[in-house]
Amino acid sequence: MNHPNYPAILEEIHRDIAPWRTAGRVADYIPELARVPAERFGMAIVTLDGSVYSVGDAYERFSIQSISKLFACTLAFQLLGDALWERVGREPSGTAFNSLVQLETERGKPRNPFINAGALVVTDVLCRRFVGAETALVQFVRRLTGAADLDYDLRVAQSELAHAERNRAMAHFIASFGNLEMPADAVIDAYCRQCAIEMNCVELATAALFLANGGVAPVSGERVLDASSAKRLSALMLTCGTYDAAGDFVYRVGLPAKSGVGGGIVAVLPGEMAVCVWSPGLDANGNSLAGVKSLEWLTTRTGQSIF
Ligand code: GLU
């Protein structure tokens, strides 16, 4: 395969991003996340032919937070197929990731699986199927990456659990419409644990590679999704994966992506590669400020995007 000069472009981005690294605000509504140094920055590209290119803190693990929604949704989609969409929608929400407002008028059916409300329904699907939903997810990302020591950080999970009033409210509200099958508190517990999974940029890019590869994970050879389902999940990332800024993100970056309030963003270029960037300072929408900028520079400087 003929790749762009990824090492040189990553080095340039690493150099140019320096002034932006501390421009964002580290998430502090989960106290454990506030302890992460704002100036951290890592970026990794993993290509379908197995090459890994990285700069900065690309091998330092961080809290994947909402990026776990991508893996959880993949497992739920595997289990239920299109029946999943009877319980969760496929439209951008136009509201914050943790907003409750649409749930009342839309009778407990969240807009999409990548906002908190939708992710709670997805986690409910996993809790119904697996004794430990978070364990199933941890095992899944271990298979996708080949990293047997991946796990969630109990302190981060407990820190979120102790401050989860809004997500609790959401889960109980959804339950009141009959859209949770398991007890709301069990779903919240599994949700906070899955959000606390720790991975580094190389691992996250590797884990997302199945979406760039027609649904087959290159590391394990596992067929995660059929090609059509992989297309559909990538399409959902494009329209809903970066909170209420998905339109602006796609305009600037042009790749399907999922972000998390830990400062990570993972994106895929079908047929070519997956990329992950990490910088904990967030913009007003909850996306990594330097992360979005770096991905914008990557697709502009390589001339590669889905468009
Ligand atoms: N655990 C976080 C929450 O539910 C995830 C948010 C995110 O990364 O968007 O608030």
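As the structure is a computational prediction, the values presented were derived from the model and not from experiment. (Residues numbered from 1 in each chain as written. Predicted model: local features only at pLDDT ≥ 70, side-chain atom pairs only at ≥ 80, totals over all residues. Heavy atoms only, no water.)

**Looking at the site of the ligand**
Our working rule: We call a residue near a molecule or strand when any one of its heavy atoms sits within 4 Å of it. N or O atoms within 3.5 Å of each other form a polar contact, as long as, within protein, one can give a hydrogen and the other can take it, and as long as residues adjacent in sequence are counted only when both atoms are side-chain atoms. Throughout, the ten residues Ala, Val, Leu, Ile, Met, Phe, Trp, Tyr, Cys and Pro are labelled nonpolar, Asp, Glu, Lys and Arg are labelled charged, and all others, Gly among them, are labelled polar.
Residues in close proximity to the ligand total 13 residues, the closest being Tyr 29, Gln 65, Ser 66, Tyr 191 and Tyr 243. In the model, a nitrogen atom of the ligand is placed 2.6 Å from a nitrogen or oxygen of the Gln 65 side chain. The separation between an oxygen atom of the ligand and a polar side-chain atom of Tyr 243 is 2.5 Å. Along the lines of polarity and charge, the residues of the shell around the ligand split into 6 nonpolar, 5 polar and 2 charged.

**Re the pairing of strand β9 (residues 273-278)**
How we decide: Burial here depends on accessible area, computed with a 1.4 Å probe over protein chains only, as a share of the maximum for the residue type. Under 20% is buried, over 50% is exposed, and the range in between is partly exposed. Secondary structure follows DSSP: runs of H or I at least 4 residues long count as helices, runs of E at least 2 residues long count as strands, and numbering of each begins at the N terminus. Strands were regarded as paired on the criterion that DSSP finds at least two bridges between them.
For β9, a buried count of 6 out of 6 residues is recorded, marking the element as mostly surrounded by other parts of the structure. Side chains of β9 alternate between two faces, with Met 273, Val 275 and Val 277 and Ala 274, Cys 276 and Trp 278 buried alike. With 6 bridges joining them, strand β2 (residues 42-47) and β9 adopt antiparallel strand pairing. Looking across to β9, one finds that Ala 44 is bridged to Cys 276. Sheet analysis places strand β8 (residues 264-269) next to β9, joined by 6 bridges and oriented antiparallel. Within β9, the residue paired with Ala 267 across the bridge is Val 275.

**Points about unusual backbone geometry**
Of note, Gln 65 is a non-glycine position whose phi angle comes to about 45 degrees, a positive value. Mapped onto the elements, Gln 65 comes out in the loop between β4 (62-63) and α2 (68-80). Under the relative-accessibility criterion, Gln 65 is labelled buried at 3%. Positive phi, close to 50 degrees, is recorded for Arg 107, a residue that is not glycine.

**Brief notes about the packing of aromatic side chains**
Quick note on the threshold: Stacked, tilted and edge-to-face are the three classes applied to pairs of Phe, Tyr and Trp rings, where Trp contributes its six-membered ring and a pair requires centres within 6.5 Å; stacked means planes under 30 degrees apart, edge-to-face means over 60, and tilted covers the rest. Geometrically, a charge over a ring is one whose NZ (Lys) or CZ (Arg) sits within 6 Å of the ring centre while staying within 35 degrees of the ring normal.
Tallied over the full model, the rule gives 7 aromatic pairs. Aromatic side chains Tyr 6 and Tyr 53 sit 5.5 Å apart centroid to centroid with 50 degrees between the ring planes, which places their arrangement in the tilted category. Of this pair, Tyr 6 sits in helix α1 (residues 6-16) while Tyr 53 sits in strand β3 (residues 52-56); the two residues are 47 residues apart in sequence, bridging distant segments of the chain. Exposure class is identical for Tyr 6 and Tyr 53. Each is buried. One aromatic cluster is present, built from ring pairs that chain together Tyr 29, Phe 97 and Tyr 243. Positioned above the aromatic ring of Tyr 243, the side-chain terminus of Lys 258 is 4.7 Å from the ring centre. Here the guanidinium or amino end of Lys 293 rests over the ring plane of Trp 20, the centre of that ring lying 4.6 Å away.

**Topic: the UniProt feature "binding site: substrate" (unreviewed entry) in the protein**
Quick note on the threshold: UniProt positions are given in the numbering used here, feature names are shortened, and annotations may be inferred rather than shown by experiment. The contact criterion used throughout is that any non-hydrogen atoms of two residues lie within 4.5 Å.
Under the local residue numbering, the UniProt record ascribes the feature "binding site: substrate" (unreviewed entry) to Ser 66, Asn 116, Glu 160, Asn 167, Tyr 191, Tyr 243 and Val 261. Among the structural elements, Asn 116 can be located in helix α4 (residues 116-129). Non-local contacts of Asn 116, meaning those with residues more than four positions away in its chain, are made with Ser 66, Lys 69, Phe 97, Asn 98, Asn 167, Met 170 and Tyr 191. On the secondary structure map, Asn 167 appears in helix α7 (residues 165-176). In contact with Asn 167, not counting residues within four places along its chain, are Asn 116, Leu 120, Glu 160, Ile 188 and Tyr 191.

**Observations concerning the pattern of salt bridges**
It is possible for side chains of opposite charge to pair when their charged atoms get near one another. Under the convention used in this document: By definition here, a salt bridge exists when the distance from a side-chain nitrogen of Lys or Arg to a carboxyl oxygen of Asp or Glu is within 4 Å.
For the structure on display, the rule yields 20 salt bridges. Taking the shortest distance from any N to any O, the salt bridge between Arg 40 and Glu 60 comes out at 3.0 Å. Here Glu 60 lies in the loop between β3 and β4 and Arg 40 lies in the loop between β1 (25-26) and β2, a separation of 20 residues in the sequence. Two residues, Asp 185 and Arg 168, come together in a salt bridge whose shortest N-O distance is 3.5 Å. Here Arg 168 lies in helix α7 and Asp 185 lies in helix α8 (residues 184-195), a separation of 17 residues in the sequence. Here Asp 185 falls in the partly exposed class, since its relative accessible area comes to 42%. The class of Arg 168 is partly exposed, set by a relative accessible area of 27%. Here the residues in one salt-bridge network are Glu 12, Arg 15, Asp 16 and Arg 301, joined through shared partners.

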